[in-house]
Amino acid sequence: SVYGFRDALKYKLGDRFSFKGNIISRAGQELSMADVFANYAKHHDSFALTELQAIAAELATVIYFDPVYKKALPEFPMSVGVITSPTGAAVRDIINVIKRRFPIAKIYLYPSLVQGEGASQSLIKALDYFNSSNLADVIIIGRGGGSIEDLWAFNNEALARRIFECRIPVIS
């Protein structure tokens, strides 16, 4: 899950920062941020890497990753809000898993862009909808795999802030 920002910080090329935390790959392997950056640097330009490092640095300095602020997931959610593209394997996989694990849960799909121009704003609009509608006990925001460029909409400060501020637990 993503947790929030304090004040926006300004970074310039060459600034140093530290980060505590790990990422779990789809294969279940624990990766440090250093591993992620090193792998990214092998395959991508340094400007995008610097931008990704700046985002990680901002996230690392704020309360979003503090477990104290993590919202508890309901043991048996009766309704699940799903934010993703309405086409493709990801939405089918999400719905199949929900039906298998919680067959009586209602599923509410909010179709959203998940990559490209306007995707971050589309995801934020969907979160705002569920946060104000009282339809969902929990929200899943996701997409299928892809390159770092395809996933870039999820590396957005405003989206991270909105997930943190959401009163409903969010799984991403």
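Below or above, wherever it landed, is the structure these notes cover.

**Observations regarding the pairing of strand β4 (residues 106–111)**
Turning to step 1, where the next piece is worked out: Judged from the six bridges that link them, strand β3 (residues 79–84) and β4 form a sheet pairing that is parallel. Its bridge partner being in β4, Val-82 is matched across the sheet by Leu-109.
Turning to step 2, where the next piece is worked out: Since β3 and β4 lie parallel, the crossover through helix α3 (residues 89–101) that links them has a hand, and here it is right-handed.

**Focus on the sheet that holds β4**
Turning to step 1, where the next piece is worked out: Taken together, four strands build an open sheet; the order of strands is β4-β3-β5-β6 and the sheet is parallel. In this open sheet, the two edge strands, each paired with only one partner strand, are β4 and β6 (170–171).
Turning to step 2, where the next piece is worked out: Running over the sheet, α3 touches β3, β4 and β5 (138–141) and is turned about 170° from β3.

**A few points about the pattern of salt bridges**
Turning to step 1, where the next piece is worked out: On inspection of all chains with the given rule, the structure shows one salt bridge.
Turning to step 2, where the next piece is worked out: Where Asp-128 meets Arg-162, a salt bridge forms, and the shortest distance between an N and an O atom there is 2.5 Å. Note that Asp-128 is positioned in helix α4 (residues 119–133) and Arg-162 in helix α5 (residues 157–165), a separation of 34 residues in sequence.
Turning to step 3, where the next piece is worked out: For Asp-128, a relative accessible area of 30% corresponds to the partly exposed category.
Turning to step 4, where the next piece is worked out: Taking the relative accessible area as the measure of exposure, Arg-162 reaches 28% and is therefore partly exposed.

**Quick word on the environment of Tyr-108**
Turning to step 1, where the next piece is worked out: Position of Tyr-108 among the secondary structure elements: in strand β4.
Turning to step 2, where the next piece is worked out: C-alpha of Tyr-108 to C-alpha of Val-80: the two residues are 28 residues apart in sequence and 6.1 Å apart in space.
Turning to step 3, where the next piece is worked out: Apart from the residues within four sequence positions on either side, Tyr-108 is in contact with Ser-79, Val-80, Gly-81, Val-82, Phe-130 and Leu-135.

Calculation rules
Residues numbered from 1 in each chain as written. Predicted model: local features only at pLDDT ≥ 70, side-chain atom pairs only at ≥ 80, totals over all residues. Heavy atoms only, no water. Pairing = 2+ DSSP bridges. Helix = DSSP H or I, 4+ residues; strand = E, 2+ residues; numbered from the N terminus. Right-handed = clockwise from strand over helix to strand, strands pointing away. Contact = heavy atoms within 4.5 Å. Axes fitted to C-alpha atoms, helices over the stretch in contact; angles between N-to-C directions. Salt bridge = Lys/Arg side-chain N within 4 Å of Asp/Glu carboxyl O. Buried < 20%, exposed > 50% of the residue type's maximum accessible area, 1.4 Å probe, protein only.

Just distances and angles here, no functional claims.
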